[in-house]
Amino acid sequence: MDSRPREVESPSEAGDGAAAKIEVEVTKPRNDKRGYRRVVLPNALECLLISDPDTDKAAASMNVSVGYFCDPDGLEGLAHFLEHMLFYASEKYPIEDSYSKYIAEHGGSTNAYTTSEHTNFYFDVNNDCLDDALDRFAQFFIKPLMSPDATLREIKAVDSENQKNLLSDPWRMSQLQKHLCSNNHPYHKFSTGNWNTLEVKPKEKGLDTRLELINFYDSHYSANLMQLVVYGKESLDNIQTLVESKFCDIKNVGRKQFSFPGHPCSSKDLQILVKAVPIKQGHTLRVLWPITPNIRHYKEGPCRYVSHLIGHEGEGSLFYILKKLGWAMSLESGERDWSYEFSFFSVVIQLTDVGHEHMEDVVGLLFRYITLLQTSGTPKWIFDELLAICETGFNYRDKSPPMNYVANISSNMQIFPPEDWLIASSVPSKFSPDAIQRVLNELTPDNVRIFWESKSFEGQTNLTEPWYGTSYCVEAVPPSTMQKWVEKAPNEDLHLPKPNIFIPTDLSLKKVEEKTSFPCMLRKTPFSRLWYKPDTLFFTPKVYIKMDFHCPLSHSSPESSVLTGVFTRLLMDYLNDYAYDAEVAGLYYAVVPNDTGFQVTMVGYNDKMTTLLETVIGKIADFEVKVDRFSVIKETMAKGYENCKFQQPYQQAMYYCRLILEEQTWPHYPGYATGIKARYQPRLKRLFLPVPWDEELAALSNLEASDLVNFLPHMLAKTFIECYFAGNIEPSEARSVVQRIEGTLFNSSISVCKSLAPSQHLTKRVVKLERGLKYYYPAMCLNHQDEKNSSLLQYIQIHQDDLKQNVLLQLLALVAKQPAFHQLRSVEQLGYIALLRQRNDSGVRGLQFIIQSTAKDPFNIDARVEAFLKMFEVTLHQMPDAEFKSNVNALIDMKLEKYKNIREESAFFWGEISEGTLKFDRKEAEVAALRELKKEELIEFFDNHVKVGAPEKKILSIQVYGCLHSSDYEKILHDAPPPHWHGITDIFSFRRSRPLYGSFKGGAGQMKL
């Protein structure tokens, strides 16, 4: 099979002269008031212009139809490396990093990514800076500079990025699947690149990587292979004028669209069982089939229909049966790694220990369910349900940040016709039983690839994947073997799902009597407090609910913390059979432990929200501990704790920092996401651990179901509920719901909940560091035998919530962020992760540097941070008045930015409520303070609190050492500390010895202690 890149005709609709305005009606959501225009420039650059008079941010994205499939043989990672290099400099803007610096100083951010067949660059910026930002951005594609020095430095950055991923199971298993494909197909390639592929091997062949990079750019980056989206406040005519003036000089070299025909899998790559050894504890079963790509039939959406059924979690589904048998903890299905030429359908099952022993039965049940689907026909009512859900989701889609929006659309432009650039494949509108049946008929034993991951395979493998070092072995599984698995699998009642009762039917908007800008307290009793905020901005039929259950006994010991975690996971587990349909229909919920007890969150359509919420509360009220499910949850949590040691070093540093600073908290178990079903994860993942993970693991190992039975009534016996209801809900309805909740939990004959005494309300208090000292905590990485990276977190504690100090800190962080990144990452190449950001621990604020590195040990990285601060001191003192004013205005614009959706708005207001600060007008007050700020005040703030040797400076240096720096760890343990350094040897002794900041969270009256 020859799968070398072939070229196909790339359509061009603009000739010489002005841009061609192509009249196309782009399908857009019902509530979308933005203007759209498709334009093709004379150089054949295809553009979509978006005018949004209400936007606070402008944004742009350029998609280039070139990805790592185009990497030359022997130069793995070249396309990804080029993505990095284009950020450095250009002929028009030759000062290194000037693009990123401009964007950062004008309220924006930048990013890019490389996939198999495209590379996407995108940014956002304050509205009035779009002209200059676009001018700099366009130079990426006109005349970039790639100096020899920058080239060598950025190869190190790519290598550091790869080092970060070497112990990541998702990266390792993805590459293993690619490795076990035809080496004649580009899917087989290693996409990231490293020092060896971009520096060592090319030199051995007599190649100059920089020249190869320039040649690749010149031959592949052609205007007719690019798709541009620009989003701004201006009219479409003005945006078009801007785009024509900035992007018309991009060369069109006439490169035809790349095509990669054929499928990555030949017959030898099918009917295989691959046993692989992961890094983390757990058993994962991945069953894959090569299929006809859904993109060829995206209007019919056959894969969406099939994955909806195979991935269903309600009664009669495959997962429901596997869970009932105690064999599975989760199941996901759907299309993955797709292009127009090939695709895979994937079913991923997280197995329990017992399920691992029954792998053949699990696969047998999977094929039995597929057979059921193949022989049951394709009921139209299921398609109609999906269509209703998808149409509602599209028409009432939340407004997203412009940067995310443009990046998504520009990548769609490479794939879909113009009228579908917004809707893409999100709404399958044509019912085609034949298309659905074709996909089902491809999910056969003849066509299967099974990847089975478990630590239990250590010592049983004979092969090693070359890029990540994953150990594995391969066995043949002919269809006859698969048939035996199907026959011997238990005879369970698998059937199609029932109709979904949670599909919203009432999408009307409630009448808002009083258009308030801030939440108000609607109701207060000894049992609960209700905050309410109507939707006055978004006008969507959605609601957002937060309920914090304050239970002092929930985190009074490691055992109680663990039991609280088990309780919330069991609650989610019990709800799943019934409430899974709610998530499918766009009504999301989560129950997770938090600092003071546990939290219930709901967000989505308001129509059926009350039904779901009252079901959740009912489950809490008459909670029953099921021994079989307790055992599964216990096993899941134990693996979660054991896997803490495999967190990246920077995450471990963040964990130690929180452990040192927070007085006495038992936050939630690490397996929990920070949002609803991990949908809204932050870019840097925090490790949420209360006490040393081994203490909680030890507590968990000794707990039985009876312990939870005994604990739960005690935990709930003292409870106070903090409630926040926002969105499309009337105040009377919010009051009524909370009143019924109180009745169920506190006032019924079987109620176990009692009110909380004022003295029992929990507070959040933070350790106060000492002026003039640098506290340091060195630790070996928990997985130091294999982890090469080390990490430094240097935290500078400054003040407790104060209006003037807040804006000074925020302005300083804005001004210093990009110079820190440029110096520590781009120039010194300390590591791929090198950033400066603000930190806020329950109102105690400061700055933190986070750097992960193989190049230097944490002690030396700490010294480089100090060197940067000395360099930055000069920059700050010499800052021109105009630059200071520009930064102040940028920060003001950022603060005045409107919320995009109910989640964003609620996150801010809930933060004020949960911390006890209640400064709902915080942004407006801070803007007023910024308008009065003087440059001398910023310099004084830096000189007093941040600069090297500052009189008020308080530092905590967390140093996590990987295996490359183990000798440096031994040295710092045994050497005398430098002057004014104070080592922390026992976190808890240190914590007990330090004074604490007061808490804003002072019980029912919200008084500061």
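A. Seen up close, the overall build of the protein. Check the secondary structure of the protein and you find 31 helices and 30 strands. The C-alpha radius of gyration computed for the protein amounts to 29 Å, which stays within 12% of the reference 30 Å derived for 1009 residues, consistent with globular compactness. Projected onto its principal axes, the C-alpha positions of the protein cover 75 × 75 × 65 Å. Buried positions account for 61% of the 1009 residues belonging to the protein. Once local pairs closer than 6 in sequence are excluded, the contacts in the protein between residues at least 24 apart make up 82%. Carbon and sulfur atoms form 50% of the exposed surface of the protein, whose accessible area is close to 38,200 Å². Counting 112 positive and 129 negative side-chain charges, the protein places the averaged centre of each group 3 Å from the other.

B. The pattern of salt bridges, seen in detail. Following the criterion strictly, the structure yields 61 salt bridges and no others. Put simply, Arg 994 and Glu 770 hold a salt bridge, and the shortest N to O gap is 3.3 Å. With Arg 994 in the segment after α31 (987-993) and Glu 770 in the loop between α23 (731-745) and β25 (774-780), this pair connects stretches of sequence that are 224 residues apart. Given the relative accessible area of 16%, Arg 994 is considered buried. Arg 922 serves as the salt-bridge partner of Asp 801, at 2.9 Å between the closest nitrogen and oxygen. Placement of the pair is Asp 801 in the loop between β26 (790-800) and α24 (803-827) and Arg 922 in helix α28 (residues 922-931), with a sequence separation of 121 residues. This pair shows no difference in class: Asp 801 is buried, exactly as Arg 922 is. Here the residues in one salt-bridge network are Asp 801, Arg 845, Lys 895, Glu 912, Lys 919, Arg 922 and Glu 926, joined through shared partners.

C. Layout of the nonpolar core. With 76 residues, the main nonpolar core has Phe 137, Phe 141 and Phe 247 as its most contacted residues. Phe 141 has contacts with Met 62, Val 64, Phe 121, Tyr 217, Tyr 221, Met 226 and Ile 250, leaving out every residue within four places of it along the chain. Judged by nonpolar contacts, the second largest core, of 68 residues, contains Ala 582, Val 591, Met 637 and Leu 697.

D. Molecular detail of the sheet that holds strand β8 (residues 119-126). With mixed pairing, seven strands are arranged side by side in an open sheet as β2-β3-β4-β10-β5-β8-β7. Each edge of the open sheet carries a strand with a single partner, namely β2 (20-22) and β7 (109-114). Each neighbouring strand pair of the sheet contributes to a mean axis angle of 15°, computed without reference to strand direction. Of the strand pairs in this sheet, strand β4 (residues 46-51) and strand β10 (residues 226-232) are connected by six bridges, and their pairing is parallel. Each residue of the ladder has a partner; that of Glu 46, found in β10, is Gln 227. In this fold helix α1 (residues 78-85) packs onto β7 and β8, with an angle of close to 170° to the strand it touches most, β7. Here helix α2 (residues 98-105) sits on the sheet and contacts β7 and β8; the angle it forms with β8, its principal contact strand, is near 40°.

E. Molecular detail of the side chain of Ser 160. Tracing the backbone through its elements, the reader meets Ser 160 in helix α4 (residues 148-165). Not counting the four nearest positions on each side in its chain, Ser 160 is found in contact with Gly 831 and Tyr 832.

F. Representation of the state of the cysteines. For the structure on display, the rule yields zero disulfides. Distance from the sulfur of Cys 70, which forms no disulfide, to the nearest cysteine sulfur (Cys 181) is 18 Å.

G. Structural detail: the side chain of Lys 900. In this structure, Lys 900 sits in the loop between α26 (881-895) and α27 (902-915). Given the relative accessible area of 12%, Lys 900 is considered buried. Within the structure, the side chain of Lys 900 is placed 2.7 Å from the side chain of Glu 897, a separation counted as a polar contact. Once residues within four sequence positions are removed from consideration, Lys 900 is found in contact with Lys 399, Ser 400, Pro 401, Pro 402 and Phe 538.

H. A look at the confidence of the model for the protein. Here the protein shows a mean pLDDT of 93. Residues at 70 or above account for 95%. When the criterion is pLDDT under 50, residues 1-13 qualifies, and its contacts beyond four places in sequence or with other chains add up to 39 contacts. A low-confidence stretch, residues 1003-1009 stays under pLDDT 50, and its non-local contacts, those more than four residues away or across chains, total 23 contacts.

I. Layout of the packing of aromatic side chains. Inspection of the entire model under this criterion finds 51 aromatic pairs. When the ring of Phe 849 is compared with that of Phe 868, the centres are 6.1 Å apart and the planes differ by 70°; the resulting orientation is edge-to-face. With Phe 849 in strand β28 (residues 844-853) and Phe 868 in helix α25 (residues 858-877), the pair connects residues that are 19 residues apart, well separated along the chain. Aromatic ring contacts, followed pair by pair, group Phe 87, Tyr 99, Phe 121, Phe 123, Phe 137, Phe 140 and Phe 141 into a single cluster. When the ring centre of Tyr 340 is taken as reference, the NZ or CZ atom of Arg 296 above it lies at 5.2 Å. The cationic tip of Lys 626 hangs over the ring face of Tyr 574; the distance from NZ or CZ to the ring centre is 4.7 Å.

J. View of the packing of helix α17 (residues 558-584) against helix α21 (residues 693-701). Between α17 and α21, the shortest axis-to-axis distance is 9 Å and the interhelical angle comes to 70°. When the interaxial angle is binned, α17 and α21 end up roughly perpendicular. Touching Pro 558, Glu 559, Ser 561, Val 562 and Val 566 of α17 are Glu 695, Glu 696, Ala 699 and Leu 700, all from α21. When grouped by side-chain class, the residues that make up the contact of α17 with α21 number five nonpolar, one polar and three charged.

K. Structural context of the sheet that holds strand β12 (residues 272-276). The strand order across the open sheet formed by seven strands is β14-β15-β13-β16-β12-β18-β17, and the pairing between neighbours is mixed. Lying at the two open borders of the sheet, with one neighbouring strand each, are β14 (328-336) and β17 (463-464). Direction of pairing for β14 relative to strand β15 (residues 343-351): antiparallel, over a ladder of eight bridges. Paired with Leu 331 across the bridge in β15 is Ile 349.

L. Structural detail: helix α19 (residues 627-642). With 16 residues, α19 should cover 22 Å at 1.5 Å per step; its first-to-last C-alpha distance of 22 Å lies within 8% of that length. Listed in full, the buried residues belonging to α19 are Arg 629, Phe 630, Val 632, Ile 633, Lys 634, Glu 635, Thr 636, Met 637, Ala 638, Lys 639, Gly 640 and Tyr 641.

M. Layout of the packing of α2 against helix α3 (residues 130-138). One way to put it is that α2 packs onto α3 with a least axis distance of 10 Å and a crossing angle of 160°. Judged by the inter-axis angle, α2 sits roughly antiparallel to α3. Two packed elements cross with a definite hand, and for α2 against α3 that hand is left-handed. Residues Ser 98, Tyr 99, Tyr 102 and Ile 103 of α2 pack against Asp 132, Ala 133, Arg 136 and Phe 137 of α3. Class assignment for the residues of the contact of α2 with α3 results in five nonpolar, one polar and two charged.

Cut-offs applied
Residues numbered from 1 in each chain as written. Predicted model: local features only at pLDDT ≥ 70, side-chain atom pairs only at ≥ 80, totals over all residues. Heavy atoms only, no water. Helix = DSSP H or I, 4+ residues; strand = E, 2+ residues; numbered from the N terminus. Rg over C-alpha atoms; globule rule 2.2 N^0.38 Å. Buried < 20%, exposed > 50% of the residue type's maximum accessible area, 1.4 Å probe, protein only. Contact = heavy atoms within 4.5 Å. Areas by Shrake-Rupley, 256 points an atom, 1.4 Å probe, with all protein chains shown as cover. Lys, Arg positive; Asp, Glu negative; His and termini not counted. Charge placed at Lys NZ, Arg CZ, Asp CG, Glu CD. Salt bridge = Lys/Arg side-chain N within 4 Å of Asp/Glu carboxyl O. Core = buried A, V, L, I, M, F, W, Y, C linked by side-chain atoms within 4.5 Å. Pairing = 2+ DSSP bridges. Axes fitted to C-alpha atoms, helices over the stretch in contact; angles between N-to-C directions. Disulfide = S-S within 2.5 Å. Polar contact = N/O pair within 3.5 Å; in protein donor to acceptor, adjacent residues only side chain to side chain. pLDDT = per-residue confidence, 0-100. Phe/Tyr/Trp six-rings, centres within 6.5 Å; stacked < 30°, edge-to-face > 60°. Lys NZ or Arg CZ within 6 Å of the ring centre and 35° of its normal. Parallel < 35°, antiparallel > 145°, perpendicular 65-115°, else oblique. Nonpolar A, V, L, I, M, F, W, Y, C, P; charged D, E, K, R; others polar. Expected span 1.5 Å × (residues − 1). Left-handed = near helix turned anticlockwise from the far one by under 90°.

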